[in-house]
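Single-letter residue listing:
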Amino acid sequence: MKATGTGLQNLEGHTEFDITWPWTRPGGLRAGSTAVLRVKDEAPSLPFVLPPLLRAMDHVLVVDNGSTDGTPDVVRETADRSGRADRLTLTSYPFTVARAGAEHLAQHERSVHSLAYFYNWCFAQVQTRYSWKWDGDMVLTTEGETSIADLAWQVGDVQSIIRVPRHGLYLDGDRRGYLDLGLRNAEEWGYPMGPDFVFTKAFEWEVRTTPERVRSIGLPHGLCVELKYLDGDEFAHWTDPASFATSFRNKRKRREWAVFNALREGTVLPGVHEIHAPDGVHIVDHVTRDWLPRAPRPLDVGSVVTSDDAARR
């Protein structure tokens, strides 16, 4: 998919959901950074996710995709409590979006049901020159909030991509969690807005196009955790959840599959830290505000040798 012309029309003829590239609109884009969250049934996570993000970003755009757990109400209430409701835009995308894997592969990328079209529509609502692809379960630590806030105003006019390391935090109730530091992972989350940075279709999911000559900035580990609920269905967004364990295109998902199922069975894998929060403190707050910020630096991440690594040696 290329960002030619002023936008894209979807195949189904839903003209109100056609895409207009924001940099082609009158007046163009303003300075600043916007975090874009595509959410569905993220009500438990958003009270942790939104406050630091609203403080760190110039704007936060939340696109609800058919939640049934009251997610939009939680978004509004959380923004009001944080005192930053003026930085929030909440909108909705009413179409069923194909799950990653075979469903995604079967969809035309210009269908309203395509992951690529959905992402392009979401980011077409951005009005700033820089954007962050953020998930509804990613929580900044105190260090992360400061780092992202510093970058948010610095990168607005620079052609730079930001890679953000994040660590899985597996929740077992309000006071116990398991933090996975066994995998070194830093995906690209911050991008300039423009025709060179749009979403296109890949095998299992969408990918964002990137010019060959663009500066890439990697942030240090320990700035962000990704919440995972041991009593939930963490892999519902894939057509075939078992493919997490077999797809060689996604090492991170294979690790998540292994850690999640091991913890469900009562086994703590190497590289995973069992953490207990003090009385009266939620485990997410404890990890993001105390445990990770106080952990010795450099943070010991990715020291576990997986079966894949061993096979390549």
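Residues numbered from 1 in each chain as written. Predicted model: local features only at pLDDT ≥ 70, side-chain atom pairs only at ≥ 80, totals over all residues. Heavy atoms only, no water.

1. Let's talk about the overall build of the protein
- Tallying secondary structure elements over the protein gives eight helices and 16 strands in all.
- Taking 20 Å as the expected radius of gyration for a compact globule of 313 residues, we find that the protein reaches 19 Å, a close match to that expectation.
- Looking at the protein as a whole, 51% of its 313 residues are labelled buried.
- For the protein, the proportion of contacts with a sequence separation of at least 24, taken over those separated by at least 6, is 75%.
- Put simply, the protein shows about 14300 Å² of open surface, and 49% of that area lies on carbon and sulfur atoms.
- Averaging the positions of the 36 positive and the 43 negative side-chain charges in the protein gives two centres separated by 5 Å. (Helix = DSSP H or I, 4+ residues; strand = E, 2+ residues; numbered from the N terminus. Rg over C-alpha atoms; globule rule 2.2 N^0.38 Å. Buried < 20%, exposed > 50% of the residue type's maximum accessible area, 1.4 Å probe, protein only. Contact = heavy atoms within 4.5 Å. Areas by Shrake-Rupley, 256 points an atom, 1.4 Å probe, with all protein chains shown as cover. Lys, Arg positive; Asp, Glu negative; His and termini not counted. Charge placed at Lys NZ, Arg CZ, Asp CG, Glu CD.)

2. Comments concerning helix α4 (residues 115-123)
- In terms of burial, α4 is largely enclosed, as nine of its nine residues are buried.
- The complete set of buried residues in α4 reads Leu115, Ala116, Tyr117, Phe118, Tyr119, Asn120, Trp121, Cys122 and Phe123.

3. Concerning the pattern of salt bridges
- One pass over the full model with this rule turns up 19 salt bridges.
- The shortest N-O distance in the salt bridge between Arg255 and Asp180 comes to 2.8 Å. With Arg255 in helix α6 (residues 251-264) and Asp180 in strand β10 (residues 176-180), this residue pair connects regions lying 75 residues apart in the sequence. Of the two residues examined, Arg255 and Asp180, each falls in the buried class.
- For the salt bridge of Glu226 with Lys228, the shortest nitrogen-to-oxygen distance reads 3.5 Å. Judged on exposure class, the residue Glu226 and its partner Lys228 are both buried.
- Each member of the salt-bridge network shares a partner with another, and the members are Arg166, Glu187, Glu226, Lys228, Arg252, Lys253 and Glu256. (Salt bridge = Lys/Arg side-chain N within 4 Å of Asp/Glu carboxyl O.)

4. Quick word on the sheet that holds strand β4 (residues 59-64)
- The sheet built from seven strands is open, its strands ordered β5-β4-β3-β6-β11-β8-β14 with mixed pairing. Single-partner strands in this sheet number two, and they are β5 (88-92) and β14 (215-218). The mean inter-strand angle of the sheet, taken between neighbouring strand axes irrespective of direction, is 25 degrees.
- Taken strand by strand, α4 contacts β3 (30-39), β4, β5 and β6 (128-134), and its axis lies near 140 degrees from that of β3. (Pairing = 2+ DSSP bridges. Axes fitted to C-alpha atoms, helices over the stretch in contact; angles between N-to-C directions.)

5. Considerations on unusual backbone geometry
- Cis geometry is found at the peptide bond from Arg297 to Pro298, where omega equals 0 degrees.
- Counting through the fold element by element, Pro298 comes out in the loop between α7 (283-294) and α8 (307-312).

6. Observations regarding the environment of His221
- Within the secondary structure, His221 sits in the loop between β14 and β15 (224-229).
- Classification of His221 by relative accessible area gives buried; the value is 15%.
- Each C-alpha atom of the pair His221 and Asp73 lies 32 Å from the other, and the pair is 148 residues apart in sequence.
- In terms of polar contacts, His221 uses its side chain to reach the side chain of Arg184, at 3.1 Å. (Polar contact = N/O pair within 3.5 Å; in protein donor to acceptor, adjacent residues only side chain to side chain.)

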